[in-house]
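Now for the letters of each chain:
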Amino acid sequence: MGGTEKRAPLLVVAVAAAAAAFFFTFIHNDIISRRIYGSLIYALLCLASGQALLKYKTPDIAVASRSLAAIFMANGLALATLAATPVVEALGLPFFPRPIPMALTFLILILLSWLTTIGLIILVNQRLAAESQVAQENMRASKLFLQSVLNGLTAHIALIDASGDIILVNEAWRDFARDNGLAPELAGEGTNYLCACDNATEAGSFAAGIRQVLAGELEQFTMEYPCHAPHQPRWFVGRVTPFPGDGPRRVVVAHEDISERKLMELALAETNQKLGALSATDGLTGIANRRHFDEVFASEYPRHTRSGMTLSLVMLDIDYFKNYNDAYGHAKGDDCLAQVAGTIARSLQRKTDLAARYGGEEFICLLPETELAGAATVAEDIRQSVARLAIPHAQSAAAPVVTVSVGVLAAKCSPGAVPGDLYKQVDALLYQAKANGRNRVESAGPAPDAEAAAASQGIIRIFWDNTFASGNETIDRQHKLLIAQANELLLLTTQNPSCAVLSTAIDTAFRHVAEHFRDEERILQEIGFPGLAEHAAEHHRLLQKGLALATGCTEPAPFSGDIIRYIVHDLVMEHMLSGDIQYHFCFKAKA
């Protein structure tokens, strides 16, 4: 009922009562005196307790404390009155003859003790109820404080219990659900969030992460995911962390909109991609620059070292280009460079081939897995195509139009060689072409030795004849390239190649055959060749048969003779050089 200073008088009274009871019981055994002193001390105790309860003015238990104080006061006054009965008797006032005072004392003690007990019980119950109410108010205040803090955050936050039910969400969570057309009962308290995630296919992995954190398998879980709206792209990051405290395990789920950051990342990636493309492209001609060419060459050289295939370089230079600039001006010179570069790029038929501006009026081409004959065919096609541009060049000693001189190098890439030496060798061939009169192609490579070996072993070779010409530039160029590849396969038979080298050469040949068939069918469709359907069906049959023959290879390659004979004889000699004659009239009639 108070602090130490309030309990001190009660302790004094209690000690005095104990001393009186001891004295009048064991030293001077007088029942009357014991009753008087006992009643008096108990009266003082009741009066002190009543006074203390009247000072205890807590609103929630004020009624109970005042009622109990009244009982204590009545009890104290009654006992004090009974304690004074001996004085009354001594004065000769017969109000309470014996044994009435003693009987009344016991009755009052019994009655008021019963009332006091009831009052104490009521007081304790009200105190407990008040404390419970205070605890509830504190909890409610804590929840309101937590809710206000959560509502002040921009992230979408929800408190999830062990079964996945939402216990609490902040205002941002509700706003997001409302903006996305979700009813409150589908996204608010009481909703099972795990079930909602399971029903959304894109959120399945996020639900799995929540379950892992709930099970204690992960300390936390984070995942970025797209959640695009019809009117805008959006991305979010979801974080799952355990909620501290005792009792069942709970987690806090927070979603944060990272769309702005993601859009910046995508814009940066796009910018980097464009910068990468710009850094790999020559600004004037639109083809690859020397830096990009060097990077591709640096990756192709070791690949050809491992495969044993031939790597070819074609370097060319515009004849008397300084004179062209002096005569026509640098603007015309830039336009000339752009036209020549476009012609070079169009002359390369494969995606793996690369044309680049090497510097000034010099250009270079990289032809992976190409023997000398094929590279020389490509180089000659470039030379003729540039001449057909018919760009006037009055100051050229080579021709009245712009021409190019070309050097061609086919090389085997050796692990012990210096890759940069190939540049020097093909550059020397280019200057040889210039020294021999310009507007020409000079080539060198391992092919002459192979041809000599083939001739000594009686290996046949196919040579291009003008009677094979169809009249279409693209078809004739591809036929020449395929003849060169057929000859390369024939040469391989004299070199005892490994299975890997032979398989690569055969795959390359079939890839070029498929590209040629596709382009040929497109061209024949454009000119309206009446036998296109039968011709296309024959293409399909030839390809399927060839692919069936090239199904595998073991050391030594027993099937190599059949497949090479099929490519050389059936595909090249029989179909391309003989069977294709049936549509030549279409181009001649068009001419």
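So, how was this worked out
- Residues numbered from 1 in each chain as written.
- Predicted model: local features only at pLDDT ≥ 70, side-chain atom pairs only at ≥ 80, totals over all residues.
- Heavy atoms only, no water.
- Pairing = 2+ DSSP bridges.
- Helix = DSSP H or I, 4+ residues; strand = E, 2+ residues; numbered from the N terminus.
- Axes fitted to C-alpha atoms, helices over the stretch in contact; angles between N-to-C directions.
- Contact = heavy atoms within 4.5 Å.
- Core = buried A, V, L, I, M, F, W, Y, C linked by side-chain atoms within 4.5 Å.
- Buried < 20%, exposed > 50% of the residue type's maximum accessible area, 1.4 Å probe, protein only.
- Salt bridge = Lys/Arg side-chain N within 4 Å of Asp/Glu carboxyl O.
- Phe/Tyr/Trp six-rings, centres within 6.5 Å; stacked < 30°, edge-to-face > 60°.

Caption draft 1: Up close: the sheet that holds strand β7 (residues 354–359). Strand order in this open sheet of 5 strands is β7-β8-β6-β9-β10, and the pairing throughout is mixed. Of all the strands in the sheet, the pair left with one neighbour each is β7 and β10 (441–444). Between one strand axis and the next, the sheet turns by 20° as a mean value, whatever way the strands run. Pairing analysis gives 5 bridges linking β7 to strand β8 (residues 362–367), with the strands arranged antiparallel. Counterpart to Leu 354 in the pairing with β8 is Leu 366. Helix α14 (residues 372–388) contacts β6 (310–318), β8, β9 (404–412) and β10 of the sheet and is inclined by roughly 165° relative to β9.

Caption draft 2: Focus on the nonpolar core. If you look at the biggest cluster of nonpolar residues, it comprises 29 residues, and the most contacted ones within it are Ile 318, Val 340 and Phe 363. Elements with a contribution of two residues or more to this core: β6, α12 (321–328), α13 (330–347), β8, α14 and β9. Sorting elements by how many residues they give to this core places α14 first, with 6 residues. Residue contacts for Val 340: discarding those within four places in its chain leaves Ile 318, Phe 363, Val 386, Leu 389, Val 402 and Val 404. Formed by 28 residues, the second largest nonpolar core is a distinct cluster that contains Ala 486, Val 513, Tyr 566 and Ile 567.

Caption draft 3: Region of interest: the pairing of strand β4 (residues 235–242). Both strand β3 (residues 221–226) and β4 contribute to a ladder of 6 bridges, which runs antiparallel. Opposite Pro 226, over in β4, you have Trp 235 as the bridge partner. Looking at chain direction, β4 and strand β5 (residues 251–257) are connected through 7 bridges and run antiparallel. Of the residues in β5, the one forming a bridge with Val 237 is Glu 256.

Caption draft 4: Layout of the pattern of salt bridges. Applying the stated criterion across every chain yields a total of 22 salt bridges. The salt bridge partner of Asp 326 is Lys 322, with a shortest N-O separation of 3.2 Å. Residue Asp 326 and its partner Lys 322 are both found in helix α12; the two are separated by 4 residues, about one turn of the helix. Assigned by exposure class, Asp 326 and Lys 322 land together as exposed. Beyond isolated ion pairs, a larger network of salt bridges with shared partners links Asp 381, Arg 388, Glu 473 and Arg 477.

Caption draft 5: Layout of the packing of aromatic side chains. Summed over all chains, the structure comprises 9 aromatic pairs. Note on Phe 206 and Phe 221: the rings are 6.0 Å apart at their centroids and 50° apart in plane angle, and the pair reads as tilted. Of this pair, Phe 206 sits in helix α9 (residues 204–214) while Phe 221 sits in strand β3, and the two are 15 residues apart along the sequence. Exposure class is identical for Phe 206 and Phe 221. Each is buried. With centroids separated by 6.1 Å and ring planes inclined at 10°, the aromatic side chains of Phe 321 and Tyr 324 adopt a geometry described as stacked.

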